[in-house]
Amino acid sequence: MAEIVLIRHGQTEWSANGRHTSYTDLDLTEAGVRQARLAGERLAGRTFAAVISSPRKRALRTAELAGLAVTETTEDLAEWNYGEYEGVTSATIRETRPEWSLWTDGAPGGESPAEVAERLDRVLARARTLLDGGDVALIAHGHSLRVAGARWIGLPASGGGLLTLGTATLSTLGFEHGNQVIDTWNAS
């Protein structure tokens with residue numbers, strides 16, 4: 001049976017520094033360009049019925065460097081909207097809110113976990129309808145793809161906090177005995 005392949009974009013300056021990046025549209029670093037090309041090498045020989053991407057240039061550039069032709073873009077794959085925490089590190093946020101967790105609290109002026117889950121549920125439902133034609137690639141961001149993984153296996157958005165996801169890594173969502181499962185996670 002076909003799989004959904006999750007591809008996180010390559011490194012950006014802010015991802016390298018741990019700064020929350022949602023709507024700020026950053027390019028890949030030189031390391032990110034190399035990572036995206038390596039992701040393409042790991043995908044060599046694999047064909048996709050659809051390649052759906054976040055509209056952010058870091059995701060689109062990753063797709064291009066990996067040799068993938070994007071068939072659709074959607075804001076539903078954009079990164080978690082961090083609102084007032086855009087560009088800020090978790091360590092800085094915890095200086096004034098020591099108990100804060102994106103996974104349970106969301107971001108002031110941004111999105112709640114439930115709102116992100118709703119978006120990723122739509123993406124997964126769309127991808128699932130395309131699986132009859134073959135594998136589907138989703139190219140996006142660390143937190144949004146972690147939520148996608150959690151939602152695929154029936155966890156709330158907060159379950160994404162239990163999944164780590166490096167830049168330009170590949171993960172696969174599939175099926176076993178009729179159940180939705182994570183086949184591979186965070187592979188580089």
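Just so it is clear, the model here is predicted, and its values are computed rather than measured.

K.L.:
Tell me about helix α3 (residues 57-65), and please be specific about residues and values.
P.N.:
Three or more residues of α3 are buried, namely R58, A59, T62, A63 and L65. Of the surrounding elements, those touching the buried residues of α3 are β1 (4-8), α2 (30-42), β2 (50-53) and β4 (136-140). Where α3 ends, the next residue or the one after it, G67, has phi of about 80°, a positive value.

K.L.:
Before we move on, could you go through the packing of helix α6 (residues 113-130) against helix α7 (residues 142-152) and cite the residues and values that matter?
P.N.:
In contact at an axis separation of 9 Å, α6 and α7 are set at 70° when each is read in the N-to-C sense. Looking at the two axes, α6 sits roughly perpendicular to α7. Where α6 crosses over α7, the handedness of that crossing is right-handed. Of the residues in α7, those touching α6 at V116, A117, L120, D121, L124 and R128 are S144, V147, A148, R151 and W152.

K.L.:
Go over α2, please, and point to the residues and values.
P.N.:
Taking 1.5 Å of rise per residue, 13 residues should cover 18 Å, and α2 covers 19 Å from first to last C-alpha, within 8% of that figure. Every buried residue belonging to α2 is among G32, V33, A36, A39 and G40, and all of these are buried. Projected down its long axis, α2 shows its buried positions confined to an angular sector of 120°, all on one face. In this structure, α2 carries E30, R34 and E41 as exposed residues pointing more than 90 degrees from its buried face. Contacts made by the buried residues of α2 are with α3 and β5 (170-176).

K.L.:
Requested: an account of the pairing of β5, with residues and values cited.
P.N.:
Extensive coverage of β5 is indicated by the burial of 5 of its 7 residues. In this sheet, β5 lies alongside β1 in antiparallel orientation, the contact comprising 4 bridges. In the sheet register, I7 faces β5, and the bridge partner there is L170. Two elements, β5 and strand β6 (residues 179-187), share 6 bridges in a ladder whose sense is antiparallel. Bridge pairing links E176 to N179 in β6. Between β5 and β6, which pair antiparallel in sequence order, lie 2 residues; one of them, H177, sits at a positive phi of approximately 50°.

K.L.:
Residue-level account of unusual backbone geometry, with values.
P.N.:
A positive phi angle, close to 60°, is found at A168, a residue other than glycine. Of note, A168 is situated in the loop between α7 and β5. Residue H177 is not a glycine yet carries a positive backbone phi of 50°. In this fold, H177 is placed in the loop between β5 and β6. On the basis of relative accessibility, which here comes to 78%, the residue H177 falls in the exposed class.

K.L.:
So what's going on with the pairing of β2? Residues and values would help.
P.N.:
Because side chains alternate across β2, one face comprises the buried residues A50 and I52, and the other comprises V51 and S53, equally buried. Bridging between β2 and β4 involves 4 bridges; their strand directions are parallel. Within the sheet, the bridge partner assigned to V51 lies in β4 and is A137. Across 2 bridges, the pairing between β2 and strand β3 (residues 72-73) is parallel.

Rules behind the numbers
- Residues numbered from 1 in each chain as written.
- Predicted model: local features only at pLDDT ≥ 70, side-chain atom pairs only at ≥ 80, totals over all residues.
- Heavy atoms only, no water.
- Buried < 20%, exposed > 50% of the residue type's maximum accessible area, 1.4 Å probe, protein only.
- Helix = DSSP H or I, 4+ residues; strand = E, 2+ residues; numbered from the N terminus.
- Contact = heavy atoms within 4.5 Å.
- Axes fitted to C-alpha atoms, helices over the stretch in contact; angles between N-to-C directions.
- Parallel < 35°, antiparallel > 145°, perpendicular 65-115°, else oblique.
- Left-handed = near helix turned anticlockwise from the far one by under 90°.
- Expected span 1.5 Å × (residues − 1).
- Arc of directions from axis to C-beta.
- Pairing = 2+ DSSP bridges.

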